[in-house]
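Survey of secondary and tertiary structure
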Amino acid sequence: MKKYSVVSLLRNALSYNRNWTEAWRSPAPQREYDVVIVGGGGHGLATAYYLAKEHGIRNVAVLEKGWIGGGNTGRNTTIVRSNYLWTEASLLYEKSLKLWEGLSQDLNYNVMFSQRGVYNLGHNLQDMRDIERRVAANRLNGIDAEVVTAEQIKNAVPLINTSSNVRYPILGASLQRRGGVARHDAVAWGFARAADALGVDIIQQCEVTGINRDRGRVTGVETTRGTINAKKVGVVVAGNASVLGDMAGLRLPIESHPLQALVSEPMKPVLDAVIMSNAVHGYISQSDKGELVIGAGIDAYIGYGQRGSFQTIEHTMEAIIALFPMFSRVRMLRQWGGIVDICPDACPIISKTSVDGLYFNCGWGTGGFKATPGSGWTFAHTIAQNQPHELNAPFDLRRFETGALIDEHGAAAVAH
Amino acid sequence: MTEVKRIDLGHINLRGDAGDDRFADGVEAALGLTLPVDPNTLSESDHRMYWLGPDEWQVVADRKNVPVLLKKLEDALVDQHVSINDLSGGQVTLHLAGADVPELLAKACTLDLHPSVFGVGDCAQSGLAKANVLIGYIDVAPVYEIIVRRSFSEYLLRWLRQNSHFQVGTASS
Amino acid sequence: MLLISCPYCGARAETEFSYGGEAGIERPKDPHALSDAEWADYLFMRKNPRGLHTELWIHAQGCRRWFKVERDTVSYKITSSRELSLGASEKE
Amino acid sequence: MQRNRLENGGRIDRSQVLHFRFNGKKLEGYRGDSLASALLANGVTVVGRSFKLHRPRGIVGSGAEEPNAIMQIGKGATTQPNLRATQVEVYDGMIARSTKGWPSVNYDISAINNVFSRALGAGFYYKTFMRPQALWRLYEKIIRKSAGFGKAPKVADPDSYEHRNAHCDVLIAGAGPAGIMAALAAGLSGARVIIADEQCEFGGSLLASTAMFDDLPATDWLDDTLAALAEMGNITMLPRSTVFGYYDHNFVTIAERCTDHRNEAERHGVRQRLWRVRAKQVVLAQGAFERPLVFCNNDRPGVMQASAVSTYLHRYAVRPGDRAVVFTNNDSAYQTAIDLLRAGATVAIVDSRPGGAGAISQSATAAGIPVLAGHIVVDVNGGKRITGVRVGKWLGEAPQVVASSMLIDCDLLAMSGGWSPAVHLHSQAGGKNVWDDELYCFVPGESTQANQSVGSGNGKWLLSDCLQEGLAAGNNAASRCGFKPCDVAVPETGSNIEASIEPLWRVPSEEDPDHCPKQFIDFQNDVCVSDVRLAVREGYRNVEHVKRYTALGFGTDQGKLGNINGMAVVAECLGKSIPDVGTTTFRPAYTPVTFGVLAGDSVGELFEPVRTTAIHEWHEAAAAPFEVVGQWHRPWYFPKKGEDLQVAVERECLATRNSLGIMDASTLGKIDVRGPDAVEFLERVYTHNIGKMKVGRCAYGILLGEDGMLMDDGVMARLGEQHFYLTTTTGGAASVLSWLESWLQTEWPELDVYLTSLTDHFSTIAVVGPNSRRLLQKIGCDIDLDKENFPFMSVKGAELGGTQVQLFRVSFSGELAFEVNIDSNNALQMWNMLIDAGQEFDITPYGTETMHVLRAEKGFVIVGQDTDGSVTPGDVGMNWLLSKDKDFLGKRSLSRPDSIRHDRKQLVGLLSVDEKTVLPEGVQIVVDPDLPQPVPMCGYISSSYFSACLGHPIALALVENGRARKGEILYAVLTDGSVVEVRIVSSIFYDAKGERQND
């Protein structure tokens, strides 16, 4: 892997950029791998990278049916934070956040991780109780978190409407200063390049059509490019977990819903923080390019169409205008949808399965992007060691049997 | 110009089995009107009766007649599995009159209210802005009756006020 | 915004309805005879198919009746919309 | 002086001179001008700077495709960023500014970026700014500052927006020749038709056409036909209305701009309107976009689309240049050359096709226009305005390097690289687009919804074809809706130009494509051929990767000009065909729409309904602050003069405990349950034994989800053998009813039970305190209220103060209390009567805060505050409510391993050891605050108040194994880091035996 730096940029400029090499190879699939990762999104690529880097397992293939990063990795609103309520969730996301903090340097690829602070707004007394509870828990868990007043929010985000004379006045917020946003595509590409450099084969346009098993043990996968044998198979396919689960005869506690997002036209900087509001159902940040990046709510029905219903977009715009009445004149450039796999407790599954050597990582709901490095790191550990790391042990499939759910729906902050 | 009047009327919610002749007959005997069994229609005599669902209706009548009507219904349907509830306190009735009413309602209601589709005697439950409403086309004048839950009525009136240059009046009938 | 046919009231905008999830999940007759795994299956495990899905909707702003819809979860096309009492095959 | 304005012609009104400012300079235009045409008329060439390299840019197009002329219009609260000058109608007093370029568009310091442009290739930022890590935030600030176009307003939008739902048989998107014919046919058939067009005038290409229809100017036909359409009552015509979204089930959205084109003083009423259309059939007639050609320095001001040049000439009477070169690979631009010549410009044609054009070639030659067939424009001269073009010989398929070149002097280059149908809506609707090997463009493939594409949007370049296809589609759509198609005369369009094209994707350059001057594909985002080649070289081979890596097509024009050329360059690099490289799918919005129009009037006070009780006006008159609970506004407390929350609540609590309080509890959910199977039904959903309840008695009941977690609670009253009455929490009212209905309808249809919501019908007034009985007796009650005849937890119909009510003896405070359920029409009157009669007992109205304190003193939980979806009945000490004799919803889950864990969190009371500190609600409890992070937490505080009755703070908390830990000292860790010692006690702080409520 040729190192990226200012020097290499200038040196290559002199040769008219003709000497750049490909960021990752496009090899033909081998007949067999130690580990096959199904799904070339951020989570799958991160898993392959950490398998190679942390566990020395380099005979790994990542199979992607389309193009890497083309699913939810390239369709989300790029928010990164770790201020979850329950200890299990917050420690997992905090592991991820710590990895984010050095990720550009680790991957030698600038993922443009921007720690500009995430505000979760409170609009009523119960919101404020929940915020207090979450911040208190975060701090004891070693996660930076603060309760801030409406005035403090106004100082940091001058355009926000903190008037008390509105339908949902802002009473305060939780603030995680280390939270922020990142450049979503770059995360997939950076992990791909770094994994490739460690020997991982990234195979695009290769759809898995079956999971082969023999006497309760996984033996490989059927793909549109032939059979690929593997000692272990890790499935991490947001938006398709149930479909892959069916192939292995697994029932999953997952429903796949449309989640929509939109961007405005690019404008000069007006918003230097991430603002999230559960009560009015909207969240917003401004990208480095100047676009307001806005997340909408989930549509209630199951949908694999990568699009949702229009009224969801309308409700989101109402919410954004309630928070920022001047944005009424800003224009929506583009809207799109992703497919999110929702678990009953709004927490992911990173788990062994009833099939030996088959591992599932799914159910991230609306919160997957921020977890990308941590998800890959713990999933790699689970696959390599054939047992979960203590960080992801609570996120086992068996929790649905025992009842030990990690209910982030309950009193937690927004689940995004 | 749309004229909006708030009218003090009484409301009775009625549940029962439309397929049971005893029920339809009992209702007719008690109220003096035919039980509307066609979806999204209303029937009318001294009072109006709205179809709300396959086993649910709403009677709209003079407030002062409600106790009598309740008694008549209870007597007429005494041995049947029915549910009769006075909802007079929970509903607010508005009458919207004027040619622009369908146009006005179309701003916040997804029903097709074109007169060729939604004529006199038709009714529907739907949403108007962010409130649930029952809309009936009750007079060719045209007059539309809109029934909304009491707790949403201030909101709905606010919406009407903002969206039409309307005259508000109140009347008892 | 979907256009959903209420079997009682006719075709209405999606905003009048609420979604109720997979149809045909029958509550076990004797829950206490089930193992934890079987109970979890009833509680949480869902078909979630990519393709035709039989699901429940309620006409929340209309007649408040639940009914069954067959809908393709990719194209969102609705192929049928029936009263619960019809096609009882959903409850095997 | 409008130096480029032609003396005659155009669809402008020269009698209405409009004054406007552009970048501070005073200019004039006419009514009917777009901002772009007015700028061109005034000889303005540089209108903006590019995103990354800050190269000077001029107007390229004349419509939605314009990438360069991105303007800030207006100022103050009504300023609007990022409008395309080509789509803005000039009005008197308009203030327009370029959105890029500092200090000005003509002298932009950041143009220095050009010097480093080679180092600023695709994705350069991914490769740098990584070290030192700490400096990234500084780098990022600079990046952000230099990015973006216009500025958002700084104050709230004073304008209003609205929605309009519409239903029609046939919706037509686009009012060009094909769309108008479709409207005419469908309209005559009797169908309900809506036809919308983005422009201020209907007509599309006809507005700038020299074509003759039946030997008369096409515009005559246009005017007559539009007049005929306007006459029909069944056609809604929407100009200035963009069909921007095509969603499932033929739901189509249109943004109508109502006042933006008016002078600011004349803008009255709604600014923009969103049409939400449910159409049975849709006809897509949006036309096509002319593609630019990709040659060196093709972004220089003075290089324009040929069709745009024709539009400026005919529609606006503006000649954008004096000495023109037309560069084309197809026939359509020949008309532009002829138009330019007729308008007094000198003109030459450079045609890449060795054989040149068809019949129209002769017209051009006959007019004296030199035609260089088999030639290409290799490069242009000039910076802020082109001064000439370098022309070379076309060597066929050779990928690069031109043998020799000559210079042609010019100040305008009209280019045409062929046409791309606007397939956006077809694609949004779910249809695929397919490559046409003869037309060299994507055309709409099979429709997946009820729509048809017609006209140039369907690859039909000839006017006669467009008209015919529009007619057929209009009739077809109408007949699918059950209307009889009708005969409409299609005008004779006379001779048509032929429409042959030979592909010319990347124009060969003198040096190789990585070395030559920049060949732009996406003007706005500065994406060049070299960027695309670099992306492919680096392995970004999928077209989506290329687009994301280079930002191709991510500008505000969404790649309307550049996408196909970009795909062609990718195809060239990979040695694939364009369709093999892929297609692009389109997402809404077709062109950008304001957030305001999407939200409509659901802003401000209409953002969300405020639900109020029948007694609300009294609370308002008493100046009570309100607590927002779901959609409800409930009185929070009733301050007397000078009182704050704490003082008022202490007074309210003491008054209630010592004498008499009154509270409006009307927001509780209320459900009437009737039927022969009512008992059986309730047995299945509630946890306690229903059958044992006597008529006239009440019971506290809880509902569990099937997961065993506490979902809602309330009082159940048995009014008859088959008649029950339930209350729910305020927030749970709607969801509990719908949940009960779902069980009844989907799972147990055999049960004969009817449920009816009485939430709004009944208002509930709680009369609370030792003097409550006396008060009711004082105003007159026809039933005996004493302990024996009307004990705690009973219900009776009664006449109270002359009004029929349902009287409950229940208590959420632990005091002797009555809840009066009354027809809401009579509630305010009853409230007033009670208040008046209660004066002798110092009756004290109280709000939600006092209610909370009183119930917390008794250890009563609030579902949703002391529980959170992970709490079982056992956790909050309610196992006594769980019947052992029957199954009920959620029961099975209570025996799962996690539900019977001994260390589950349990509800307990907590006291601050200092007896002073009122702990914040939400605070976490630990055994040892000095442990290293993560510090194990054993619980948290769910409710916390100062109890005036007890004289010290109290709190409820959920603590691991808490009930067994009474007396233990734990630590509350506040969010400011301070630690407070707390002791676990019973959750019942007051009247543990319940003597007061039973009195």
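Presented here is a report on the structure given in the accompanying data block.

Calculation criteria
Residues numbered from 1 in each chain as written. Chains lettered and ligands numbered in written order. Predicted model: local features only at pLDDT ≥ 70, side-chain atom pairs only at ≥ 80, totals over all residues. Heavy atoms only, no water. Core = buried A, V, L, I, M, F, W, Y, C linked by side-chain atoms within 4.5 Å. Buried < 20%, exposed > 50% of the residue type's maximum accessible area, 1.4 Å probe, protein only. Domains from an automatic or database assignment. Contact = heavy atoms within 4.5 Å. Helix = DSSP H or I, 4+ residues; strand = E, 2+ residues; numbered from the N terminus. Polar contact = N/O pair within 3.5 Å; in protein donor to acceptor, adjacent residues only side chain to side chain. Pairing = 2+ DSSP bridges. Phe/Tyr/Trp six-rings, centres within 6.5 Å; stacked < 30°, edge-to-face > 60°. Lys NZ or Arg CZ within 6 Å of the ring centre and 35° of its normal. Salt bridge = Lys/Arg side-chain N within 4 Å of Asp/Glu carboxyl O. Patch = residues over 30% accessible without salt bridge, like charges linked within 9 Å, V, L, I, M, F, W, Y side chains within 5 Å. Areas by Shrake-Rupley, 256 points an atom, 1.4 Å probe, with all protein chains shown as cover. Buried area = accessible area lost by both parts, 1.4 Å probe.

Side note on the nonpolar core
- Counting residues in each nonpolar core, the largest one holds 116 residues, and the members touching the most others are A:W100, D:F295, D:F327 and D:L413.
- Residue-level mapping places this core at the junction of two domains, with at least three residues from each of domain 1 (1-156) and domain 3 (291-419 + 500-581) of chain D.
- Not counting the four nearest positions on each side in its chain, D:F327 is found in contact with D:L293, D:F295, D:V350, D:H375, D:I376, D:V377, D:L413, D:A414, D:M415, D:S416, D:L504 and D:V507.
- Within the second largest apolar cluster, 60 residues are counted, among which are A:A230, C:M45, D:F681 and D:M693.

Points about the side chain of A:K289
- Examined against the element boundaries, A:K289 turns out to sit in the loop between strand 14 (282-286) and strand 15 (292-298).
- In terms of polar contacts, A:K289 uses its side chain to reach the backbone carbonyl oxygen of D:F554, at 3.1 Å.
- Those residues in contact with A:K289 that sit more than four places away from it in its chain are A:P266, D:F51, D:A147, D:G148, D:N525, D:F554 and D:G555.

Examining the sheet that holds strand 43 (residues 817-823) of chain D
Residues and elements named next belong to chain D.
- Strand order in the open sheet formed by 6 strands is 41-42-43-40-34-44, and the pairing between neighbours is mixed. This sheet does not close on itself; its edge strands, each paired only once, are strand 41 (795-800) and strand 44 (844-845).
- As defined by bridge partners, strand 34 (residues 661-664) adjoins strand 40 (residues 762-768) across 4 bridges and the pair is classed as antiparallel. The residue of strand 40 that forms the bridge with M663 is A766.

Side note on the packing of aromatic side chains
- The final tally for this structure, using the stated rule, is 51 aromatic pairs over all chains.
- A ring pair is formed by D:W618 and D:W831, whose centres lie 5.4 Å apart and whose planes are at 70°; its orientation type is edge-to-face. Here the residue D:W618 occupies a position in helix 15 (residues 616-621), and D:W831 occupies one in helix 20 (residues 827-838), the gap between them amounting to 213 residues.
- Sitting above the plane of the A:W20 ring, D:K127 keeps its charged end 3.6 Å from the centroid.

Topic: the pattern of salt bridges
- Using the criterion set out here, one finds 93 salt bridges over all chains in the structure.
- A salt bridge links A:R116 to A:D288; its shortest N-O distance comes to 3.1 Å. A residue pair is termed long-range when its members are at least 10 positions apart, and A:R116 in the loop between helix 4 (103-107) and strand 4 (118-122) and A:D288 in the loop between strand 14 and strand 15 qualify at 172 residues.
- Judged by its relative accessible area of 14%, A:D288 falls in the buried class.
- Residue C:E55 is joined to C:R71 by a salt bridge in which the shortest nitrogen-to-oxygen separation is 2.5 Å. Remark: C:R71 occurs in strand 5 (residues 66-72) and C:E55 occurs in strand 4 (residues 52-58); sequence separation between them is 16 residues. Across this residue pair, the class does not change: C:E55 and C:R71 are buried.

Some words on a nonpolar patch on the surface
- Among the surface-exposed residues, D:I112, D:V115 and D:F116 lie close enough to one another that they form a single nonpolar patch of about 320 Å² accessible area.
- Tracing the chain through its elements places D:F116 in the loop between strand 7 (94-98) and helix 2 (136-146).

Overview of the interface of chain D and chain A
- On the chain A side, the residues contacting the 116 residues of chain D number 109 residues.
- When chain D packs against chain A, close to 10100 Å² is buried across both sides, 55% of that on carbon and sulfur atoms.
- Counting the surface chain D buries against chain A, the share from its top three residues, D:Y126, D:R144 and D:F595, is 9%.
- Where chain D meets chain A, there are 13 salt bridges.
- Note that A:R133 is salt-bridged to D:D868, the shortest N-O span being 2.8 Å.
- There are 65 residue pairs in polar contact (both at pLDDT 80 or more) connecting chain D and chain A.
- Here the side of chain D that touches chain A takes 7 residues from helix 2 of chain D, the largest share from any one element.
- With 2 bridges joining them, strand 16 (residues 331-342) of chain A and strand 31 (residues 593-594) of chain D adopt antiparallel strand pairing. Counterpart to A:R331 in the pairing with strand 31 of chain D is D:T594.

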